[in-house]
Amino acid sequence: MKKNLSVLILIFIVINIISIEVASDVNISAKGAVVMDVKTGRVLYSKNMNTQLEMASTTKIMTALLAVESGKLNDVVTVKQSSCNIEGSSIYLRPGEKLTVEELTYGLMLRSGNDASVVIAEYIGGNMDNFLALMNRKAKDIGADNTHFTNPNGLPNNNHYTTAYDLALITTYAMKNPKFSEIVSAKNKTIPGPPGENWNRILKNKNKMLWTFEGADGVKTGYTKNAGRCLVTSATRNNMQLVCVVLNCGPMWEESTALLEHTYKNYSNVKLVDKEKFSNKASIIKGKEKYVSLKPLNDIIVPVKNNGTEKIEMKINKVNNNIAPIYKGAIAGEICVYIEKTLIAKTPLVYQEDVKSSDLLYNLRMVLKGLN
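Because the structure is predicted, anything quoted here is derived from the model rather than measured.

Calculation criteria
- Residues numbered from 1 in each chain as written.
- Predicted model: local features only at pLDDT ≥ 70, side-chain atom pairs only at ≥ 80, totals over all residues.
- Heavy atoms only, no water.
- Helix = DSSP H or I, 4+ residues; strand = E, 2+ residues; numbered from the N terminus.
- Buried < 20%, exposed > 50% of the residue type's maximum accessible area, 1.4 Å probe, protein only.
- Contact = heavy atoms within 4.5 Å.
- Expected span 1.5 Å × (residues − 1).
- Axes fitted to C-alpha atoms, helices over the stretch in contact; angles between N-to-C directions.
- Parallel < 35°, antiparallel > 145°, perpendicular 65-115°, else oblique.
- Left-handed = near helix turned anticlockwise from the far one by under 90°.
- Nonpolar A, V, L, I, M, F, W, Y, C, P; charged D, E, K, R; others polar.
- Pairing = 2+ DSSP bridges.

**Student:** With reference to specific residues and values, describe the overall build of the protein chain.
**Tutor:** Looking only at helices and strands, one finds nine helices and 17 strands in the protein chain. Burial status across the protein chain gives 52% buried among its 372 residues. Look at the contacts in the protein chain between residues 6 or more apart in sequence, and 64% of them connect residues 24 or more apart.

**Student:** Talk me through helix 5 (residues 164-175); I want residue IDs and the actual numbers.
**Tutor:** The end-to-end C-alpha separation of helix 5 is 16 Å, in line with the 16 Å expected for twelve residues at 1.5 Å each. Buried residues dominate helix 5, accounting for ten of its twelve residues. For helix 5, the complete set of buried residues consists of Ala164, Asp166, Leu167, Ala168, Leu169, Ile170, Thr171, Thr172, Ala174 and Met175.

**Student:** Explain the side chain of Arg237 to me, using residue names and the numbers behind them.
**Tutor:** Mapped onto the elements, Arg237 comes out in strand 9 (residues 228-237). For Arg237, a relative accessible area of 15% puts it in the buried group. Those residues in contact with Arg237 that lie beyond four places of it in its chain are Phe213, Glu214, Glu261 and Tyr264.

**Student:** Any details on helix 8 (residues 252-266)? Residues and values, ideally.
**Tutor:** For helix 8, which comprises 15 residues, the first-to-last C-alpha distance of 21 Å matches the rise-based estimate of 21 Å (1.5 Å per residue) to within 8%. Considered for burial, the residues of helix 8 that qualify are Met252, Trp253, Glu255, Ser256, Leu259, Leu260, His262, Thr263 and Tyr264.

**Student:** Explain the packing of helix 2 (residues 101-110) against helix 3 (residues 114-125) to me, using residue names and the numbers behind them.
**Tutor:** Across the interface, helix 2 lies against helix 3 with an axial gap of 9 Å and an inter-helix angle of 140°. With respect to each other, helix 2 and helix 3 are oriented oblique. In this structure, helix 2 crosses over helix 3, and the sense of that crossing is left-handed. Packed against helix 2, whose contacting residues are Val101, Leu104, Thr105 and Leu108, the element helix 3 presents Ala116, Ser117, Val119, Ile120, Tyr123 and Ile124 at the interface. Per-class residue counts for the contact of helix 2 with helix 3 are eight nonpolar, two polar and no charged.

**Student:** Can you break down the environment of Gly333 residue by residue, with the values?
**Tutor:** Relative to the helices and strands, Gly333 resides in strand 16 (residues 331-339). Each C-alpha atom, one on Gly333 and one on Pro348, is 6.0 Å from the other, the two residues being 15 residues apart in sequence. Excluding residues within four positions of it along the chain, Gly333 makes contact with Asn317, Val319, Pro348 and Leu349.

**Student:** With reference to specific residues and values, describe the sheet that holds strand 8 (residues 216-224).
**Tutor:** Within the open sheet, the five strands sit side by side as 3-2-10-9-8. Their pairing is antiparallel. Lying at the two open borders of the sheet, with one neighbouring strand each, are strand 3 (43-47) and strand 8. Strand-to-strand twist in this sheet, taken as the mean axis angle between neighbours without regard to direction, amounts to 5°. Summarising the sheet, strand 9 and strand 10 (residues 240-247) pair through seven bridges and their orientation is antiparallel. Directly across from Ala235, in strand 10, lies its bridge partner Leu242. Packed onto the sheet, helix 8 meets strand 2 (32-37), strand 3, strand 8, strand 9 and strand 10 and runs at close to 30° relative to strand 9.

**Student:** So what about the packing of helix 1 (residues 60-69) against helix 5? Which residues, and what values?
**Tutor:** Axis separation between helix 1 and helix 5 bottoms out at 10 Å; the angle between their running directions is 30°. The orientation of helix 1 with respect to helix 5, classified from their angle, is roughly parallel. Note that helix 1 runs across helix 5; the crossing there is left-handed. Two secondary-structure elements touch here, helix 1 through Ile61, Met62, Leu65 and Glu69 and helix 5 through Leu167, Ile170, Thr171, Tyr173 and Ala174.

Here is the structure:
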């Protein structure tokens, strides 16, 4: 390999160049489905993943995410009359009772409380319209461009929709938040009942995958007549966390299980870049040293098919012209990993030493400034 960094240098190819479908040997009835790796966002299975579909109560993944990110989980909220008796799933809130945003979020995600969703939305947003704007803005920020929210709970509306891919994107983003993950992985939670009544709300998570699938750690069920049965599952095995989305899927438990089992059977995490072992040198322009060492800032670990049929490329993108002075820790470029020509992961490539400039004019300016 040449010493100079150059744009898109091909430095690593694994196995052959057979083009393959994404897990095409799995047959399911869901109208839309995706299995996505949480760490990299790599799609490991897809069916109609960009088809716009209703998502029922899986909507609440976004509602909960905004609640967690608001920084207001410990705030105490007084339930309004208008937030009670909302149609569909409920935690049976009463006017005037006080609960924290965190308690309401547990009620939202474990028991799918539509009433809790309204209380959260109006409190976090100030009003419902503002909260819906937050939901839609957050979706765009995450990259869910084919998603639109008209309510915080998933009740039927022709303009309320997502795609399997978008919902997986939103969920993988959310699962990186420790508090969100803590809430959606809880099998049970006790929160207060109405004041003056001698009982608590014992919340049992509706997500059966937490009991039936090894490694399951979330996320949310959903059902309306229009949307059909919907399920978003997160699971972690062998340090690989996956999100599985099935939309409009009658046998949602069985098909989610089949998709996840198939993916864990056929994919394994592979460390393609080891920051401790990978090293390279770049030539320096106008430097007192000819070369400077480079190392990746992070490891790159990605799920790869076990059968070895995927084309894997590792390339270096140059972002710095290597003109001295060079400062240790500054970014020289980035290492990008592509699988089947799709960018899967990247990490900065950083200088390992300082290199002073040998340019006379530069050094004179530094002397005059008292910096040399």
